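# Results of the structural survey
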Amino acid sequence: MPELKERKEDIIELCDYFINAFNRKFNKNILGISQEALEYFYNYDWPGNIRELKNVIEAIMNIKDEGFITPKDLPHYIKMEHKGLEELVSEYEKSSSKRH
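Below or above, wherever it landed, is the structure these notes cover.

Cut-off values and rules
Residues numbered from 1 in each chain as written. Predicted model: local features only at pLDDT ≥ 70, side-chain atom pairs only at ≥ 80, totals over all residues. Heavy atoms only, no water. Helix = DSSP H or I, 4+ residues; strand = E, 2+ residues; numbered from the N terminus. Buried < 20%, exposed > 50% of the residue type's maximum accessible area, 1.4 Å probe, protein only. Contact = heavy atoms within 4.5 Å. Areas by Shrake-Rupley, 256 points an atom, 1.4 Å probe, with all protein chains shown as cover. Salt bridge = Lys/Arg side-chain N within 4 Å of Asp/Glu carboxyl O. Polar contact = N/O pair within 3.5 Å; in protein donor to acceptor, adjacent residues only side chain to side chain. Axes fitted to C-alpha atoms, helices over the stretch in contact; angles between N-to-C directions. Parallel < 35°, antiparallel > 145°, perpendicular 65-115°, else oblique. Left-handed = near helix turned anticlockwise from the far one by under 90°. Nonpolar A, V, L, I, M, F, W, Y, C, P; charged D, E, K, R; others polar. Core = buried A, V, L, I, M, F, W, Y, C linked by side-chain atoms within 4.5 Å. Expected span 1.5 Å × (residues − 1). Arc of directions from axis to C-beta.

Moving on: the overall build of the protein chain. Check the secondary structure of the protein chain and you find 5 helices and 2 strands. Out of the 100 residues in the protein chain, the part that is buried amounts to 35%. A separation threshold of at least 6 residues defines the contact pool for the protein chain, and within that pool the share at least 24 residues apart is 75%. Accessible surface, the protein chain: about 6700 Å² in total, of which carbon and sulfur atoms supply 50%.

Laid out in C-alpha cells, this is it:
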C-alpha cells in the first residue's frame, strides 16, 4: 500500500472517518475540517503515515469540542512544514516593519 504522502487524495476521506469515529468515542460534535486546515494537511509529508494523521486528529479532538478543525487547531510542526502565502506575506511584513 502506498504511503499517505503519495495518496493525498485520501486525506479528506481519512479525516472524515477519524473525526466521525472520535466524535462517537469522545462524545464530541466536530463538524469536519476547514479547507484552510486541509491545505496544511495536503502540504505535509506525513512521515508517520495514516497512524500519524489519526493521532493528530485525536489530539485535536481531545482539546476541541465542536465546530470545524481550523489551522489554529493544528500542531505547530504541520504548519511549519509548508506555510501558506498569506502567512508568508504576514511574516515578511512584520519583519520588514521591525527593520525601519
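Structure shown, so let's carry the discussion forward.
What follows covers the pattern of salt bridges. The final tally for this structure, using the stated rule, is 4 salt bridges. For glutamate 3, the salt bridge is made with lysine 5, and the minimal N-O distance between the two is 3.9 Å. Overall, the relative accessible area of 38% leaves glutamate 3 in the partly exposed class. Put simply, aspartate 73 and lysine 64 hold a salt bridge, and the shortest N to O gap is 3.1 Å.

This brings us to the environment of tyrosine 40. Looking at the element boundaries, tyrosine 40 is found in helix 2 (residues 35-43). Given a relative accessible area of 13%, tyrosine 40 falls into the buried group. Taking the C-alpha atoms as reference, tyrosine 40 lies 6.7 Å from isoleucine 78; in sequence the two are 38 residues apart.

With that settled, consider the side chain of arginine 7. Secondary-structure assignment places arginine 7 in the segment before helix 1 (11-26). For arginine 7, a relative accessible area of 11% corresponds to the buried category. In terms of polar contacts, arginine 7 uses its side chain to reach the backbone carbonyl oxygen of proline 2, at 3.4 Å.

With that settled, consider the packing of helix 1 against helix 3 (residues 49-63). Interhelical geometry of helix 1 versus helix 3 gives an angle of 45° and a closest axis separation of 10 Å. When the interaxial angle is binned, helix 1 and helix 3 end up oblique. As helix 1 runs across helix 3, the sense of the crossing is right-handed. Only Ile50, Leu53, Lys54, Ile57, Glu58, Met61 and Asn62 of helix 3 make contact with helix 1, whose side of the interface consists of Ile11, Leu14, Cys15, Phe18, Ile19, Phe22, Asn23, Lys25 and Phe26. Along the lines of polarity and charge, the residues of the contact of helix 1 with helix 3 split into 11 nonpolar, 2 polar and 3 charged.

In this structure, Ile33, Phe41, Trp46, Leu53, Ile57 and Ile69 are the most contacted members of the largest nonpolar core, which totals 23 residues. Aside from chain neighbours lying at most four places away, what touches phenylalanine 41 is Lys8, Ile11, Cys15, Ile33, Trp46, Leu53, Val56, Ile57, Leu74 and Ile78.

Turning our eyes to something else, we now look at helix 1. When the terminal C-alpha atoms of helix 1 are compared, their 22 Å separation across 16 residues agrees well with the 22 Å that a helix rising 1.5 Å per residue should span. Three or more residues of helix 1 are buried, namely Ile11, Leu14, Cys15, Phe18, Ile19, Phe22 and Asn23. Around the axis of helix 1, the buried residues are gathered within 165° of arc, so they sit on the same side. With respect to the buried face of helix 1, the exposed residues turned more than 90 degrees away are Glu13, Tyr17 and Arg24. Looking at the packing, one finds that the buried side of helix 1 touches strand 1 (29-33), helix 2, helix 3 and strand 2 (66-69). After helix 1 finishes, the residue asparagine 27 shows a positive phi value of roughly 55°.

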